[in-house]
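The residues making up each chain are set out below.
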Amino acid sequence: MVQEQTQFLLKQQDYLQRRLSQVQPMIRWVAQQVEARQLPPLLSFVPLIESSYRLEVVSHAGAAGPWQLMPQTASRFGVPINSSFDGRYSLPLATEAALTYLAWLYQLFDRDWPLALAAYNAGEGRVAKAILAANSRNLWDLALPEETRFYVARLLALSRLLQNPDRYSFMLPPWRQGADLQLESEPQGCSLLAWALEKGVSMNDASRWNPAWRLPQAQGVSRCPIAYSTSDGHPPSGHQATRGPFIASTISLESLHDPLLLQASKGLDLGQGGLRLEKVPDPLGLDRRPVPLLP
């Protein structure tokens, strides 16, 4: 299956190369967070398969943002969601939650990254039940949804291409394209409007990097980092933004027909499914043990 997905990605080579070039500032920023946690570098590319690194997208199942977090998963890992602010669309907040969740899944499934990635897509309860039913921890032996198997296989295939581009005649883009992404960690009053006025930026431009704001000022939120670029560039979007007053909007993931994306079955079963595991004293790997790279 991994070989099939490798061939699929090679057929999409022009689009994949173009997308990697377009979203480099976000990839670089996420890669810094991944490296700081001593996690496998491939995790920096999970949003490429989840959302094609688009910030403002929502799936028909209700998963949202670049990491396609379900509401209950986001809440479990401290992402604020209310009528004025949905942190799932915030690259900083969603990345923090997703990496914490993935690190926790890695520990839950006995330090097995393919199983952790499958659980990120389908829910840890579903994967745990499949392990018990098959009496096996081999991902490919488990009765999981086809889209989950494709999801893990596509990520592993992407890893092959990125780690061995010459072998597959795959040309990687220069990795320093575009200005680095910047963050304002504690904007006054969690007001995107006040920040935009101070910086001389239109609300439309500010909201392209920060679609978490449903209203110009977030209410009842204490953590609301603002992302911005020092260049004139904007995050690649699924639609053409219009000039005018600030209007928070989202785009259906399915409407994009992006060849990199797969149908997800996440969030349907988030319990541990009866799986008995020893208590892990350091569930997020904060003792800084080295984490193996994905194959």
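Everything below is about the structure printed above this text.
Residues numbered from 1 in each chain as written. Predicted model: local features only at pLDDT ≥ 70, side-chain atom pairs only at ≥ 80, totals over all residues. Heavy atoms only, no water.

Caption draft 1: Structural context of the environment of Ala-153. With respect to the secondary-structure elements, Ala-153 resides in helix α9 (residues 146-163). Aside from chain neighbours lying at most four places away, what touches Ala-153 is Met-1, Val-2, Gln-5 and Trp-140. (Helix = DSSP H or I, 4+ residues; strand = E, 2+ residues; numbered from the N terminus. Contact = heavy atoms within 4.5 Å.)

Caption draft 2: Fine view of the state of the cysteines. A complete count under the given rule lists one disulfide for this structure. Put simply, Cys-190 and Cys-224 are joined by a disulfide, and their sulfur atoms are 1.9 Å apart. Between Cys-190 and Cys-224, the disulfide has an S-S torsion of -95° and is therefore left-handed. Remark: Cys-224 occurs in the loop between α11 (203-209) and β3 (226-229) and Cys-190 occurs in the loop between β2 (181-184) and α10 (192-199); sequence separation between them is 34 residues. (Disulfide = S-S within 2.5 Å.)

Caption draft 3: Main features of the packing of aromatic side chains. Counted under the stated rule, the structure contains six aromatic pairs. Between the aromatic rings of Phe-77 and Tyr-101, the centroid separation amounts to 5.1 Å while the plane-to-plane angle is 45°, which identifies the pairing as tilted. One end of the pair, Phe-77, is in the loop between α5 (71-76) and α6 (91-108); the other, Tyr-101, is in helix α6, with 24 residues separating them in the sequence. Residue Tyr-101 is classed as buried on the basis of its relative accessible area, which comes to 3%. (Phe/Tyr/Trp six-rings, centres within 6.5 Å; stacked < 30°, edge-to-face > 60°. Buried < 20%, exposed > 50% of the residue type's maximum accessible area, 1.4 Å probe, protein only.)

Caption draft 4: The arrangement of the pattern of salt bridges in detail. Counted by the stated rule, this structure contains six salt bridges. A salt bridge links Asp-258 to Arg-54, with the nearest nitrogen and oxygen atoms 2.8 Å apart. Taken together, the positions of Asp-258 in the segment after β4 (251-252) and Arg-54 in the loop between α4 (46-51) and β1 (57-58) put the pair 204 residues apart, joining distant regions of the chain. Owing to a relative accessible area of 8%, Arg-54 belongs among the buried residues under this scheme. One salt bridge connects Asp-86 with Arg-88, and the closest N-O pair in it is separated by 2.9 Å. The burial state of Asp-86 is the same as that of Arg-88; both residues are buried. (Salt bridge = Lys/Arg side-chain N within 4 Å of Asp/Glu carboxyl O.)

Caption draft 5: Geometry of the nonpolar core. In terms of nonpolar packing, the biggest core is built from 66 residues, with Leu-16, Leu-43, Leu-48, Trp-67, Phe-109 and Tyr-120 touching the most fellow members. Breaking this core down by element, the ones donating at least two residues are α1 (2-11), α2 (13-22), α3 (24-36), α4, α6, α7 (113-122), α8 (124-134) and α9. Here the element with the most residues in this core is α6; it accounts for 11 residues. Setting aside residues up to four positions removed in sequence, Trp-67 forms contacts with Val-30, Leu-43, Val-46, Pro-47, Glu-50, Ala-94, Thr-95, Ala-98, Leu-99, Leu-102 and Tyr-120. Membership of the second largest hydrophobic core comes to 16 residues, among which are Leu-93, Cys-190, Trp-195 and Ile-226. (Core = buried A, V, L, I, M, F, W, Y, C linked by side-chain atoms within 4.5 Å.)

Caption draft 6: Local environment of the side chain of Asp-258. A relative accessible area of 8% means that Asp-258 is categorised as buried. Among the polar contacts made by the side chain of Asp-258, one reaches the side chain of Ser-52 at a distance of 2.9 Å. There is a polar contact of 2.8 Å between the side chain of Asp-258 and the backbone nitrogen of Leu-260. Leave out the neighbours within four places in its chain, and Asp-258 touches Tyr-15, Ser-52 and Arg-54. (Polar contact = N/O pair within 3.5 Å; in protein donor to acceptor, adjacent residues only side chain to side chain.)

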